Amino acid sequence: MTTTPHPASGDEQREHTLRDAVRTDIESVEEPARLLRVSAMARSLLEEAKGVHLEERARERMHRIYEQAIQEVAGAVAPELRDELERLRPTPNGGTPTEMEIRVMQGQLVGWLEGVFQGIQAGLQLQQAAARQQQLGLHAGRALPRPDGVRAQGEGNYL
């Protein structure tokens, strides 16, 4: 007599889908320490650039730093995020970017990095919540009587 496997409930399917999505988000950053360093540098440069008039040489230098930061970030993330980052990159106009363009590019990079970090944080929180739910389920399973009616050693009438 063959039995068909019991289909997973909707909750179980959602939990598996969520767990896979969280794992994908967390694994999309291959080198988190590198990403944090680049993010801190980009945020610092953005703050400095806000209050200072940038002459052409400074803008050229800031643009080179921006390009280097993009390369560093691309080396620290999975291909999906690398592709997303590349789509956000401005198209070169052949000249030195203006002050406003520099600020916008850096602000966009910092915002994108913060979004990646928030995604990782949310993924970790969901992963922890799923682990707690699973642990609670295991504890609840221990509280149930054994099917053979025999009490395990150490079980008593009191908590």
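Residues numbered from 1 in each chain as written. Predicted model: local features only at pLDDT ≥ 70, side-chain atom pairs only at ≥ 80, totals over all residues. Heavy atoms only, no water.

Visitor: Please give an account of the overall build of the chain that cites residues and values.
Guide: Looking only at helices and strands, one finds five helices and zero strands in the chain. Scanning the chain from its N terminus toward the C terminus, one meets helices and strands in the order α-α-α-α-α. Within the chain, buried positions represent 24% of all 159 residues. Sequence-distant contacts, at least 24 apart, represent 83% of the contacts inside the chain between residues at least 6 apart. On the chain, roughly 11,700 Å² of surface is accessible, and the fraction owed to carbon and sulfur atoms is 54%. (Helix = DSSP H or I, 4+ residues; strand = E, 2+ residues; numbered from the N terminus. Buried < 20%, exposed > 50% of the residue type's maximum accessible area, 1.4 Å probe, protein only. Contact = heavy atoms within 4.5 Å. Areas by Shrake-Rupley, 256 points an atom, 1.4 Å probe, with all protein chains shown as cover.)

Visitor: Account for the side chain of Glu 99, with residues named and values stated.
Guide: In this structure, Glu 99 sits in helix 5 (residues 99-143). Within the local environment of Glu 99, its side chain forms a polar contact with the backbone nitrogen of Leu 54, the two atoms lying 3.3 Å apart. Those residues in contact with Glu 99 that lie beyond four places of it in its chain are Val 52, His 53, Leu 54 and Arg 59. (Polar contact = N/O pair within 3.5 Å; in protein donor to acceptor, adjacent residues only side chain to side chain.)

Visitor: Could you give me a rundown of helix 3 (residues 56-76), with the residues and numbers involved?
Guide: Because an α-helix completes one turn every 3.6 residues, residues spaced three or four positions apart along the sequence face the same direction. Between its first and last C-alpha atoms helix 3 spans 30 Å; for 21 residues at 1.5 Å apiece the expected length is 30 Å, and the two agree. Residues of helix 3 that are buried: Arg 59, Met 62, Ile 65, Tyr 66, Ala 69, Ile 70, Val 73, Ala 74 and Ala 76. (Expected span 1.5 Å × (residues − 1).)

Visitor: Could you give me a rundown of the nonpolar core, with the residues and numbers involved?
Guide: By size, the foremost hydrophobic cluster in this structure holds 27 residues, and its most contacted members are Leu 35, Val 73, Leu 109, Trp 112, Leu 113 and Val 116. Listing elements by their share of this core, those giving two or more residues are helix 2 (32-50), helix 3, helix 4 (79-88) and helix 5. For this core, the leading source of residues is helix 5, giving nine residues. Among all residues touching Leu 109, those that are not within four sequence positions of it are Ala 42, Tyr 66, Ala 69, Ile 70 and Leu 85. (Core = buried A, V, L, I, M, F, W, Y, C linked by side-chain atoms within 4.5 Å.)

Visitor: Now, about the pattern of salt bridges: what can you tell me, with residues and values included?
Guide: Under the counting rule described, the total for this entry stands at four salt bridges. For Arg 103, the salt bridge is made with Glu 99, and the minimal N-O distance between the two is 3.1 Å. Of this pair, Arg 103 and Glu 99 both sit in helix 5, four residues apart, roughly one helical turn. On the basis of relative accessibility, which here comes to 17%, the residue Glu 99 falls in the buried class. Overlapping salt bridges bring together Glu 67, Glu 86 and Arg 89 as one network. (Salt bridge = Lys/Arg side-chain N within 4 Å of Asp/Glu carboxyl O.)

As far as function goes, none of this settles anything; it's purely spatial.
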